[in-house]
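For reference, the chains in residue letters:
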Amino acid sequence: MRGILIRVGIIGAIALGAFILKPFISGNAGDLTVGECFDLPSASAETVKDVQHHPCDQNHGGEVIFTGKYPGSKTDTYPTDNEMTAFLVEKCVPAFKTYTGRAIETESVYDIAWFQPTTEGWPKGDQNVTCYIYRLDEAPIKGSLKAG
């Protein structure tokens, strides 16, 4: 019985440590959630797997405003560039307004970008999309852009 309690205690300590340290560690870009902040990937990166998380009160390059799944199933044909872009604009633009309280159409400092599924990941069931805010001049952001 004592051995089980020790194991449960160790597992609990590991889980608590992971929860506390999550904002400071690198993680899968597909696992980001709304409100999380991270470093922008290299401009030359065609495929982004991991990003460096940061608390939003520290310098960061991007802040997540929307996560969701592209509709359909892994057996469907991968969407065309126009279909994917239309879906992302349909989701990201209103998410920007909801999250920041400002309209992207009149924004001169911030813009929207996204992570989308790859053609390789699609047949494996990866349909996750993540929209985020970044500065047009790519200067660091300090503090959350969330309204109110």
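Rules behind the numbers
- Residues numbered from 1 in each chain as written.
- Predicted model: local features only at pLDDT ≥ 70, side-chain atom pairs only at ≥ 80, totals over all residues.
- Heavy atoms only, no water.
- Helix = DSSP H or I, 4+ residues; strand = E, 2+ residues; numbered from the N terminus.
- Buried < 20%, exposed > 50% of the residue type's maximum accessible area, 1.4 Å probe, protein only.
- Contact = heavy atoms within 4.5 Å.
- Areas by Shrake-Rupley, 256 points an atom, 1.4 Å probe, with all protein chains shown as cover.
- Polar contact = N/O pair within 3.5 Å; in protein donor to acceptor, adjacent residues only side chain to side chain.
- Salt bridge = Lys/Arg side-chain N within 4 Å of Asp/Glu carboxyl O.

**Digging into the overall build of the chain**
Then, in step 1: On a plain count of helices and strands, the chain comes out with 2 helices and 6 strands.
Then, in step 2: Going from N to C terminus, the chain has its helices and strands arranged as α-β-β-β-β-α-β-β.
Then, in step 3: Counting over 148 residues, the chain shows a buried share of 31%.
Then, in step 4: Long-range pairs, those at least 24 residues apart, make up 63% of the contacts in the chain between residues at least 6 apart in sequence.
Then, in step 5: As presented, the chain carries roughly 9,100 Å² of accessible surface, and 57% of it is formed by carbon and sulfur atoms.

**Topic: the environment of Asp39**
Then, in step 1: Position of Asp39 relative to the elements: it lies in the loop between strand E2 (37-38) and strand E3 (50-54).
Then, in step 2: Beyond its immediate sequence surroundings of up to four residues, Asp39 is in contact with Val51, Gln52, His54, Asn59, His60 and Gly61.
Then, in step 3: At 2.9 Å, the side chain of Asp39 forms a polar contact with the side chain of His54.

**Structural notes on the side chain of Gln127**
Then, in step 1: Of note, Gln127 is situated in the loop between strand E5 (110-115) and strand E6 (128-135).
Then, in step 2: Among residues more than four places away in sequence, those in contact with Gln127 are Gly68, Lys69, Tyr70, Pro71, Gly72, Ser73, Lys74, Pro117 and Trp122.

**Considering unusual backbone geometry**
Then, in step 1: In this model, Glu138 sits at a positive phi of 60°, which is unusual for a non-glycine residue.
Then, in step 2: Following the sequence through the fold, Glu138 ends up in the segment after E6.

**Looking at the pattern of salt bridges**
Then, in step 1: Taken as a whole and judged by the stated rule, the model has 3 salt bridges.
Then, in step 2: We note a salt bridge from Lys91 to Glu90, for which the minimum N-O separation is 4.0 Å.
Then, in step 3: Residue class for Lys91 comes out partly exposed when judged on its relative accessible area of 30%.
Then, in step 4: For Glu90, a relative accessible area of 52% gives the class exposed.
Then, in step 5: Between Asp137 and Arg135 there is a salt bridge, with the nearest N and O atoms lying 2.8 Å from each other.

Geometry only, nothing functional implied.
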